[in-house]
Amino acid sequence: MDAGGDMYKFTLEALQASLSSHISKANREQCDRFIQDLKQREECMAVMSKLLAEPEEVCNQFVKLLALSVLNDWIKLWWNKLSDVGKSAVKQLSLDLLTSELAVHENAAIRMKVAVILSNVVERVFPQYWPTLMQEMIALWLSSPFARQDVILKMLEMVIVDSVDTDFNSALPTLRRQEIVAGIVEAQKPLFETSYQYTGYCYQEYCQLLATNASVTSGPGRVISDALHSQLAMLSALTALVKIEDFCAAPHNFALMLVEMSNTARLQVKAMEVLLVLVQHKMSVELFSVVLQALSQVDVHTMPTDLEESLQFQRTYAAVLHTLLSQHVHYVLDSLSPFYTMPGAVATLTAYVNKMLTVLQQSPSLRLAGDVIKEWVKIYRDKMVNHSPIFRDVAMTVLNVFMQKCRKPLWTEFSSNVTHAVNAAGARVPLQSELYAEVFELEFEDVEEWNTDYYGTFKSQFRLLSQTITEQFSVLCAETLSQYFDSLIQREQSSAGLSEQCVEFKTLLLEFDMLHYVYSPLLLVLLPADKSAKKSTAESGKEVINPISRDDILAVQNITVRTLNHILAWKPQNSGVQMEQYRILQYHFPLLKLSTEHLGAAFTVMFSALSATVSAAGASTAKDAHVEQCVKISGCISSLTQHCALEIVQTGFFNEFFQQVGNILTQVPYTAVQNNMRQSLMALSDHIADPAHRVQTLGLAVEDVLQKWVTEGAALFVSTDALLEALLAQISTNNPAEGTVAGAVDNRFENMKRLIDTFLLAAKRITYPPLPMEVWTQNINVSFEKYSEVFPFAPAWVQCLPVAFQGINILHSVWSVPMRQSLEGSLSALTQAGQRSAQTELLAAIVLPEVSEIGKAAGMKLITAANGASLTPKFVYELKELRVFLYQLLAQASAHKALYYCPGYDNFMVELTAHLPLMENTHLVLLMRNFVEQYVLNALPMFYPQVSKFLEGFMSTTLQRLGTAWDKSNTLALQPSAEAQFYYKVYRMCSIPEGFTGLSLGLNAITNSEGEVFNGFTKEEIENARDHMIGDVTKSYCDVLAAFLGLRGFLFTPFAAVASAAAAELLVQAGGSTGKAGNKRGANNNRNEANPINSIVGKGKDRTVRKKVSFDNAESEVSIFDQPSEREPMSEDQQLELGKQARRQSIFALLHSQPYGHVTKPYVSSIVAMICLPDAGACKYSIQMSQKLLDLSIIDARFIVPVAKEAFSAALSVLLQQEKWSIGLEWELIEYVLDVYLMLVVGEGRHPVSVGAGSGYPGSNSGPNSPMAGASTGLVPIKHHTARSEWPQQILLSLNGVTREKLAEFDVNLQKMLAKKKRRGLMKDLITEIIGNNGTAGSASGSVFSTGSGMPSVLDVRHRLMRSNKAGGKTGTTGGTEFDLSRLFEDGH
């Protein structure tokens, strides 16, 4: 089959058929396959060449266009396969196409395809195999009609673009691009000369056509227009290769030609785009002057007729003007610049700046303003701009123009269906001109897109511009804005009685609204008064001069004070404008901070207005509007208070303010107003130094909250039915609007959460007074009476906590076993009957509380009740949030030590411990993250007996839960009782049954707000959710255990503080002074409490003044300093570390000492067991904690067996099993195994030196049985200690291939090597050999070992470690045999 026979015929028929609309789909697909097969044949080029040479009668333009596409694909596919002769043929074919009729075809798509083919060939052969390309193209360019010239120009543009494109986007190799660029640059001069002549010639022809009113959209005019556009596009691409001076230097200054085109129809948009590319390059001052003058003299009077095209031109033209000046602003700001040596430079620059402002002001485009505002910011940010009279004169004009652009469109202030409003005379007026409305619709789809996509960014840029200009011309801005304020106030005074729907009134409000964007930055210059003088920066060594001088700041202050007096004396005639007065006072805070007299006057105005509005609300029928006004006024008071809190506290106005706020809290019945006043008091409390005074202030803030909490909480938490009834009412009804009268709707559940949140905000601002170190180190009892004396907030806690106890117990009762099982049956019956209601959804939230976790794991957004979808996630969320609030309340009470003194505390902790086995995984995670850590670490040693009972139950239950959750070999069939099955479901299944995908809870076949259809969860999604929740429990438990060891949390010591802490230890041991009293870290309770110095050493010159603290056992003088010292005082970090050390010591005593030994068992078991949990994070954390146990084994023989047998066995089994989850942990495991072997077998190791007293190691002042505490300052060798164990050797000898001889050889080699790295390598070689001797089962790719081992199994170790009991020695619920944790501490275990 040759090209002149059937192949040609079939190809022509296939191309024609593929373009036909009358053939069947099967025939079309057959034709497409034929064409694709043809591309794989070498004769394809010959067939296409013949076909393209056919006349239109045989092969029409559409078939030829398709043939050109096939030919282009063939060239790219076959180029690297062709011989040199074949490549020459392809090159000749492309040149033939350029000289053929196809290159002058009236169809622009055909001409474009010819250009594409030619560019593909050129990119493969130029310049090495086609060195004369540029000469040939230029010669052909000058002798061809416009259509062929268009093809040549398009080809050049594509080649240039592909050659200068980035590495990421370019299809050409880097070397090929460099070769092409070199060839183009070499032909730069003739290319420029030809381009300039051609552009001028084409432009003249084009202008003649326009002068004769000939069409430039069709026929010959369209061809010339296309050629000109192609020429401009080629020039735009060429700017990336050559210098800008080459474009704009005589005799071919393209910039001036482009400026001339700015008034030419259908050409001006493209000309401005190219000019924008040019002005983005740095120009010489001479070239800049020429272009600046040309643009300043051209008046653009012709706009594109199409509005969208006109907007595009306006934005591009404005970008050209602004970019040129901002890129070269240094030329015009420097008075010594060569720019000013040129004739008429000042006049030219003035005209140019005015043109910029005129274009900006006259254009209806908002996006244009957003595009160019950053250029003005760049101009006015230059440090030399304040020396330029031109930019000084237009500064306020610039601000005014952008202020109008930044103002909201007027129609956004009216309802969406209102197109007209009324003026003061009552006549209907349009909200905006039709032009502006049409432009707005073109630039933004709707008002919301303008508000979210554009307005926020533009406002931030406008603020930055205002700040920049006010810093440069502060006095000028102050004078102008003061006059503007006065004019607005006068306009308001003359507009009394205007309707709120009046255009004039809305416009007035918008101008007030926009003014603060300019005025606020001006006022901020007053705030940093200490920065107004000249000062030097030590870091840079250069003098930094503040642009605002002291005289200017004083002038601004005088002007703004005068304006402030006008505002304070202003009596708005229209109630709608009153809020503007309060907002203006609010952002005057920098000035009010400097003048306490004006500050008091401002608050007096706002408090009076609030009182009057409250009175009006009680007597008015339009109550809602007045309530909303009250909320806004109180919000302004709260905002101003937060800005000026320090000034209020330091002046005599504080007492009056305190009284006013107290009256509002007791007399105003609006919740939102009360919340704003509470925020004000809390802001003030942050600046009150006296603890008693601070407690009094916060007590006023939460007094009514506490009363409501006690009364409403007691009623809400009386039973599970009462709580669930309130929750059902909360979800089923709409939430009330902010500011409505309390009790208008049944909103008890939400109010309870708000009360807790408010009380917590106040409690967190109170610093608990630090305790003497002896309280932690000597277990001294502190009576409740003494506690109440030093902590005045204690009565509030005592009143609050019993209700919290009751609420937590009720929440736990909701998930009790009998209730869950009964509700599960009820839910199943309702769902099978197809009933769906809010009550059903509430049942689902209790029976399946973790359903929302499935949605999170599956990436689904469950739908809100407003969309008619399931309420179950909402119920789950509300119950979860209440639980979190209550846990956080207990945690804060623990930090304040109030929890341990509260009546009912013992019973509550017993009930909490009993509820632990019933908690969902998510519930337990919340408990650990929000309560457990704070509860244990903040407890005084005198409370450790109660704390240890909770810890025993908590750790035993959690360890049992993790064993069940991670042991996927168990099944429900193995559980003998319904109760055991329930526990299994809670621990392992996470309350998500296998059949949940078919459960009809309103979760199936629903569509969310984003249009996604939700058809339930797959089994994979459910399993992923389970794994996610089990992983959360594991991580949270690890975090708690690590915090107890000081590896994280507020007892953790960063390495940077260790050195100073070590110095503190030496000082204490030597009897030295600790330095100044007082702690400046008032915001952090834990850090303050960790510092024992504050409550011991008094203030004053004599650092040895001591306070007497009375404890239950005796009245003694508590101090760790016996006499004054001449030593260097301790730093604050050293004091802080000393306090941490005392806390760590007491915690270690709780976890590891004999009096609390029943806590040690589950604690050690948890650390060791989690080494082999299939969780990389848990394993890594456990290794670090096991290192601590290894250190303890030296001084406490009880830890030898757990470390030498269980921890060593667990770490070794993970190494040998090599499961996927352990990849990346091998070296850490090897190092731990090596450390255990060295210390307990060889008797050699490196031991950390503890920081502080009481470490239990050589050099400390404690006994030999004290536990290790704190971070380490370094490692010292220990070559002689009595801690020994044969367990590591016995475990290794139990493995295949390990003999006593081999182990003895290993010991010898180990002792010969001193480098830690070589010892790790030796241990790795031993383990690798063991793996090879035990097979390859279970290997995981990516390991440091070449093979894996199935023995000993990680599951075997995990089962043995986790067969633990529940607290009290009862039989476990996982079906395992009874196991005594104490066996971990028996040598025979």
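Draft legend 1. Quick peek at the overall build of the chain. Per the secondary structure count, the chain includes 59 helices and ten strands. Burial statistics for the chain: of 1389 residues in total, 54% are counted as buried. Pairs at least 24 apart in sequence give 76% of the contacts found in the chain among residues at least 6 apart. When the accessible area of the chain is evaluated, it comes to approximately 58800 Å², of which 52% is carbon and sulfur surface.

Draft legend 2. Looking closely at the packing of helix α16 (residues 307-327) against helix α19 (residues 366-381). Contact pair α16 / α19: the axes reach a minimum separation of 9 Å and the direction vectors enclose 5 degrees. Taken together, the axes of α16 and α19 are roughly parallel relative to one another. Facing α16, whose interface residues are Q314, R315, A318, A319, H322, T323, L325, S326 and Q327, α19 presents R367, L368, D371, V372, E375, W376, K378 and I379. Its residues assigned to classes, the contact of α16 with α19 shows seven nonpolar, five polar and five charged.

Draft legend 3. Region of interest: helix α9 (residues 174-186). Taking 1.5 Å of rise per residue, the 13 residues of α9 would be expected to cover 18 Å, and the 19 Å separating its terminal C-alpha atoms lies within 8% of that figure. For α9, the set of buried residues is R176, R177, I180, V181, G183 and I184. Here the buried residues of α9 occupy an arc of 160 degrees about the axis, which is enough to place them on one side. The outward face of α9, more than 90 degrees from its buried face, is lined by the exposed residues L175, Q178 and E186.

Draft legend 4. Here's a closer look at unusual backbone geometry. The peptide bond linking F126 to P127 adopts the cis configuration, its omega dihedral lying at 0 degrees. Structurally, P127 can be placed in the loop between α6 (108-125) and α7 (133-142). You will see that R266, though not glycine, has its phi angle at about 60 degrees, which is positive. On the accessibility criterion, R266 (33% relative accessible area) is partly exposed. In the Ramachandran plot, K897 falls in the positive-phi region, its phi being about 65 degrees despite a non-glycine side chain. Of the residues examined, K897 reaches a relative accessible area of 0% and is grouped as buried.

Draft legend 5. Region of interest: the pattern of salt bridges. Applying the stated rule across the entire model yields 26 salt bridges. Linking E43 and R41 is a salt bridge whose minimum nitrogen-to-oxygen distance equals 2.7 Å. The shortest N-O distance in the salt bridge between K786 and E789 comes to 2.9 Å. Linking K786 with E789, this pair stays in helix α37 (residues 784-790), spanning three residues, or about one helical turn. On the basis of relative accessible area, E789 is assigned to the exposed category, the value being 56%.

Draft legend 6. Summary view of the packing of helix α1 (residues 6-19) against helix α3 (residues 44-52). It is the contact of α1 with α3, at a shortest axis distance of 10 Å, that shows an interaxial angle of 65 degrees. Accordingly, the angle class assigned to the pair α1 and α3 is roughly perpendicular. Between α1 and α3 the crossing geometry is right-handed. Facing M7, Y8, T11, L12 and L15 of α1, the residues of α3 in contact are V47, M48, K50 and L51. Along the lines of polarity and charge, the residues of the contact of α1 with α3 split into seven nonpolar, one polar and one charged.

Draft legend 7. Seen up close, the environment of Q642. Along the polypeptide, Q642 turns up in helix α29 (residues 623-643). A residue is classified by how much of its surface remains accessible, and Q642, at 44% relative accessible area, is partly exposed. Taking the C-alpha atoms as reference, Q642 lies 8.8 Å from M682; in sequence the two are 40 residues apart. Among residues more than four places away in sequence, those in contact with Q642 are Q679 and A683.

Draft legend 8. Looking closely at the confidence of the model for the chain. Across the chain, the average pLDDT comes to 76, with 73% of residues at 70 or higher. Per-element mean pLDDT across the chain ranges from 32 in strand β7 (residues 1108-1110) up to 94 in α6. Confidence over residues 734-744 falls short of pLDDT 50; this stretch has 16 contacts with residues more than four positions distant or in other chains. Contacts of residues 857-869 to residues separated by more than four positions or lying in other chains number 25 contacts, the stretch itself having pLDDT below 50.

Draft legend 9. The arrangement of the nonpolar core in detail. In terms of nonpolar packing, the biggest core is built from 398 residues, with W376, Y380, F402, W709, F759 and F954 touching the most fellow members. Discounting residues that sit within four places of it in the chain, F759 has contacts with V702, V705, L706, F793, A796, W797, C800 and L889.

Draft legend 10. Looking closely at the packing of aromatic side chains. Applying the stated criterion to the full structure yields 47 aromatic pairs. Here the aromatic rings of F402 and F458 are separated by 6.3 Å at their centres, their planes lie at 45 degrees, and the arrangement is tilted. Of this pair, F402 sits in helix α20 (residues 389-406) while F458 sits in helix α22 (residues 447-472), placing them 56 residues apart in sequence. Like F402, the residue F458 is buried in the burial classification. Where Y1237 meets F1306, the ring centres are 5.5 Å apart and the plane angle is 70 degrees; that geometry is what we call edge-to-face. Of the two residues, Y1237 is situated in helix α55 (residues 1226-1242) and F1306 in helix α57 (residues 1300-1312); the sequence distance between them amounts to 69 residues. Note on Y1237: relative accessible area 0%, which makes it buried. For F1306, a relative accessible area of 5% translates into the label buried.

Draft legend 11. Layout of the side chain of R1319. Mapped onto the elements of the fold, R1319 is located in helix α58 (residues 1316-1333). Contact partners of R1319, with chain neighbours within four places excluded, come to L1234, L1238, E1244, L1310, Q1311, M1313 and L1314.

Draft legend 12. Representation of helix α8 (residues 146-164) in the model. In this model α8 runs 27 Å from its N-terminal to its C-terminal C-alpha over 19 residues, within 8% of the 27 Å that 1.5 Å per residue would give. Among the 19 residues that make up α8, 14 are buried, leaving the element largely enclosed by the rest of the structure.

Draft legend 13. Representation of the environment of L1045 within the structure. Relative to the helices and strands, L1045 is located in the loop between α48 (1019-1044) and α49 (1055-1069). Sequence spacing of L1045 and L1151 is 106 residues, and the spatial spacing of their C-alpha atoms is 9.2 Å. Sequence-distant contacts of L1045, that is, excluding residues within four places in its chain, are made with F1148, H1152, Y1163, I1167, M1185 and K1188.

Draft legend 14. Just the environment of I1167, in detail. Tracing the backbone shows I1167 in helix α52 (residues 1157-1169). Given the relative accessible area of 0%, I1167 is considered buried. Taking C-alpha positions, I1167 is 6.6 Å from M1185, a pair spaced 18 residues apart along the chain. Look past the residues within four positions of I1167 in its chain and what remains in contact with it is L1041, L1045, S1182, M1185, S1186 and L1189.

Conventions and cut-offs
- Residues numbered from 1 in each chain as written.
- Predicted model: local features only at pLDDT ≥ 70, side-chain atom pairs only at ≥ 80, totals over all residues.
- Heavy atoms only, no water.
- Helix = DSSP H or I, 4+ residues; strand = E, 2+ residues; numbered from the N terminus.
- Buried < 20%, exposed > 50% of the residue type's maximum accessible area, 1.4 Å probe, protein only.
- Contact = heavy atoms within 4.5 Å.
- Areas by Shrake-Rupley, 256 points an atom, 1.4 Å probe, with all protein chains shown as cover.
- Axes fitted to C-alpha atoms, helices over the stretch in contact; angles between N-to-C directions.
- Parallel < 35°, antiparallel > 145°, perpendicular 65-115°, else oblique.
- Nonpolar A, V, L, I, M, F, W, Y, C, P; charged D, E, K, R; others polar.
- Expected span 1.5 Å × (residues − 1).
- Arc of directions from axis to C-beta.
- Salt bridge = Lys/Arg side-chain N within 4 Å of Asp/Glu carboxyl O.
- Left-handed = near helix turned anticlockwise from the far one by under 90°.
- pLDDT = per-residue confidence, 0-100.
- Core = buried A, V, L, I, M, F, W, Y, C linked by side-chain atoms within 4.5 Å.
- Phe/Tyr/Trp six-rings, centres within 6.5 Å; stacked < 30°, edge-to-face > 60°.

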